[in-house]
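Next come the chains, spelled out residue by residue.
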Amino acid sequence: MRTQVAIIGAGPAGLLLAHLLRRAGVESVVLETRSQEYVAARIRAGILEQSSVDLLTAAGLGDRLHAEGHPHRGIHLQWPGERHHLDFVDLTGRSVWVYGQTEVQKDLVDANTATVVYEVSDVALHDLTGSPHVTYTSADGTPGRVDAAAIAGCDGSFGPSRASVPGQTWERTYPYSWLGILADVAPSTDELIYAWHPDGFALHSMRSPTVSRLYLQVPNGTDAGSWSDQRVWDELATRLGHGQDGWKLTPGPITEKSVLPMRSFVQTPMRHGRLFLAGDAAHIVPPTGAKGLNLAIADVALLAPALTALLRHNDPTLADRYSDTASRRVWRCTHFSWWMTTMLHIGEDPFDAQLQLSQLRWVTSSEAGAAGLAENYAGLPIGF
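From a predicted model like this one, the values you see are computed outputs, not experimental measurements.

**Things to note about the overall build of the chain**
When helices and strands are counted, the chain shows 12 helices and 20 strands. A compact globule built from 384 residues should have a C-alpha radius of gyration of about 21 Å, and the chain, at 21 Å, falls within 12% of that. Structurally, the chain occupies a C-alpha span of about 65 × 45 × 40 Å along its principal axes. Buried residues in the chain amount to 57% of all 384 residues. Averaging the coordinates of the 30 positive side-chain charges in the chain and doing the same for the 40 negative ones gives two points 4 Å apart.

Okay, here's the thing in structure tokens:
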């Protein structure tokens, strides 16, 4: 099989890249190790930056997003006895949208612009500085090969693409995790609540008007099964301030429970020869800053025109700049995610706790501090 771009990974990054390339007249083939049903069901990010919404809309993928997504003006920051609303629209003129990664995935699949081969195995990348090609084994055991002018590695942190790019890596593992739940209950808040508490961080998010997404800071190595539903709701009520100023947390049936480790990872460069990395294949951020999916979208927004110029017009300018341009935004978002994480999660040093409270008071009382958080959370322009 021959195509212009071989894309490894059929998550949002891979399918969005295929979609944008198709619109620009560039052919691609997507290889995915999982089934279509598995990829579609993965519960991941739920917040889209303004830039992501604008890009998806411009790419013809915004109809359901605008009909069923929920624009939010900002977030609530909280610590015991206090809750403050930061209005991103007033501060920066930009908003965020609650629209889950599963919904973005559905929109990309429904667009039907990508040629995808699911459930492949033994994926290997070859001759990346010469005549690139990808070999694999199909679901029925048949060997396959895709020859391409370029390869896009959108296959996440455990796929073969990352290991094929020589370079430097930076990594930080945080000393805590998140216990996350999905619950069939209407959210108890109009916008996300980020809560600092002496017992640990808590976050009240949502997926829809009838489904809530909530998180608790827990020690690394926590077994989700060791937390009963009642214990989860009791701890969420404590940390989120049930009863504070009359606010109430409404519990409901928990449909999913999992533990998410917290880490940061950045690899540079994001290109080697004719292989280009995008999304989790090049970087991981803790979810506190709501940056993972948005970073992947930003990568693809840069990579699609770079590949189009390279393959249709023989112009390598954007492709040669891709890694440096994308990495600037990656590091900005990595820093913001680290900053939000370390400001809100409890450690073992009580001195640090006092510094966190001081930081929270400054962010919520200073227009400059609030604007800095809002600018980063609502999202910097793509290409920053």
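**Overview of the pattern of salt bridges**
Within this structure, the stated rule accounts for 14 salt bridges. The partner of aspartate 320 in a salt bridge is arginine 271, with the nearest N and O atoms 2.8 Å apart. In this pair, aspartate 320 is assigned in helix H10 (residues 317-344) and arginine 271 in strand S18 (residues 271-272), connecting sequence segments 49 residues apart. When its relative accessible area of 23% is taken as the criterion, arginine 271 is described as partly exposed. Several salt bridges converge on common partners, so that one network encompasses Arg64, Glu68, Glu103, Lys106 and Asp107.

**So, the environment of histidine 76**
Structurally, the position occupied by histidine 76 is in strand S5 (residues 74-79). Of the polar contacts made by the side chain of histidine 76, one reaches the side chain of aspartate 190; its length is 2.9 Å.

**Digging into the nonpolar core**
Core analysis: the biggest nonpolar cluster contains 68 residues, and Ile7, Leu16, Leu17 and Leu48 have the highest contact counts within it. Per-element accounting of this core gives the leading share, 13 residues, to helix H9 (residues 292-313). Dropping the residues within four chain positions of it, leucine 17 is found in contact with Ile7, Ala152, Cys154, Val300, Leu303 and Ala304. Counting 35 residues, the second largest nonpolar core, distinct from the first, contains Trp339, Met340, Leu360 and Ala378.

**Let's talk about the environment of aspartate 229**
By the secondary structure assignment, aspartate 229 is in helix H8 (residues 229-240). Spatially, the C-alpha atoms of aspartate 229 and glutamate 27 are 48 Å apart, while their sequence positions differ by 202 residues. Those residues in contact with aspartate 229, other than ones at most four positions away along the chain, are Ile254 and Lys257.

**Notes on the pairing of S5**
Summarising burial for S5: 6 of the 6 residues are buried, a large majority. Pairing between S5 and strand S6 (residues 82-87): 6 bridges, direction antiparallel. Pairing of leucine 77 across the sheet is with histidine 84, part of S6. Counting the residues between successive antiparallel strands, the hairpin from S5 to S6 contains 2 residues, one of them, glycine 81, with a positive phi of roughly 90°. Across 3 bridges, the pairing between S5 and strand S14 (residues 193-195) is parallel. Across the sheet, the residue bridging to leucine 77 is tyrosine 194, located in S14.

**Focus on helix H3 (residues 50-58)**
Counting along an α-helix, one turn takes 3.6 residues, and residues three or four places apart therefore face a common direction. Buried within H3 are the following residues: Gln50, Ser51, Ser52, Val53, Leu55 and Leu56. Backbone geometry just after H3 places glycine 60 at a positive phi near 80°.

**Considerations on the packing of H3 against H9**
Direction vectors running N to C along H3 and H9 enclose 50°, while the axes themselves pass 10 Å from each other. As far as their axial angle goes, H9 and H3 are oblique. Relative to H9, H3 is oriented so that their crossing is left-handed. Residues Ser52, Leu55 and Leu56 of H3 touch H9, and the partners they reach there are Asn294, Ile297 and Ala301. Among the residues forming the contact of H3 with H9, the class breakdown is 4 nonpolar, 2 polar and no charged.

**A look at the sheet that holds strand S3 (residues 47-49)**
Across the sheet, which stays open at both edges, the 3 strands sit in the order S3-S7-S4 with antiparallel pairing between neighbours. Single-partner strands in this sheet number two, and they are S3 and strand S4 (70-72). With strand direction ignored, the average angle separating the axes of adjacent strands in the sheet is 35°. The strands that H3 touches are S3 and strand S7 (96-98); relative to S3, the one it contacts most, it runs at about 80°.

**Focus on the pairing of strand S11 (residues 143-147)**
Bridge count between strand S10 (residues 133-137) and S11: 5 bridges; the pairing is antiparallel. When the sheet's bridge partners are listed, histidine 133 is paired in S11 with aspartate 147.

**Notes on the environment of arginine 231**
If you trace the backbone, arginine 231 turns up in helix H8. The exposure class of arginine 231 is partly exposed, given its relative accessible area of 42%. Side-chain polar atoms of arginine 231 contact the backbone oxygen of serine 226, separated by 3.4 Å.

**A look at the sheet that holds S11**
Strand pairing in a sheet takes place through backbone hydrogen bonds and is either antiparallel or parallel in direction. Overall, antiparallel pairing links the 3 strands, which are arranged S9-S10-S11 in an open sheet. Since the sheet does not close on itself, it has two edges, and those belong to strand S9 (121-126) and S11, each with one partner. On average, each strand axis in the sheet is tilted by 15° relative to the strand beside it, whichever way the strands run.

**Side note on the side chain of aspartate 299**
Along the chain, the position of aspartate 299 falls in helix H9. Of the side chains with opposite charge, arginine 329 comes closest to the buried, unpaired aspartate 299, at an N-O distance of 6.7 Å. From its side chain, aspartate 299 meets the backbone nitrogen of glycine 279 in a polar contact 2.9 Å long. Non-local contacts of aspartate 299, meaning those with residues more than four positions away in its chain, are made with Met270, Ala278, Gly279, His283, Tyr322, Ala326 and Val330.

Calculation notes
Residues numbered from 1 in each chain as written. Predicted model: local features only at pLDDT ≥ 70, side-chain atom pairs only at ≥ 80, totals over all residues. Heavy atoms only, no water. Helix = DSSP H or I, 4+ residues; strand = E, 2+ residues; numbered from the N terminus. Rg over C-alpha atoms; globule rule 2.2 N^0.38 Å. Buried < 20%, exposed > 50% of the residue type's maximum accessible area, 1.4 Å probe, protein only. Lys, Arg positive; Asp, Glu negative; His and termini not counted. Charge placed at Lys NZ, Arg CZ, Asp CG, Glu CD. Salt bridge = Lys/Arg side-chain N within 4 Å of Asp/Glu carboxyl O. Polar contact = N/O pair within 3.5 Å; in protein donor to acceptor, adjacent residues only side chain to side chain. Core = buried A, V, L, I, M, F, W, Y, C linked by side-chain atoms within 4.5 Å. Contact = heavy atoms within 4.5 Å. Pairing = 2+ DSSP bridges. Axes fitted to C-alpha atoms, helices over the stretch in contact; angles between N-to-C directions. Parallel < 35°, antiparallel > 145°, perpendicular 65-115°, else oblique. Left-handed = near helix turned anticlockwise from the far one by under 90°. Nonpolar A, V, L, I, M, F, W, Y, C, P; charged D, E, K, R; others polar.

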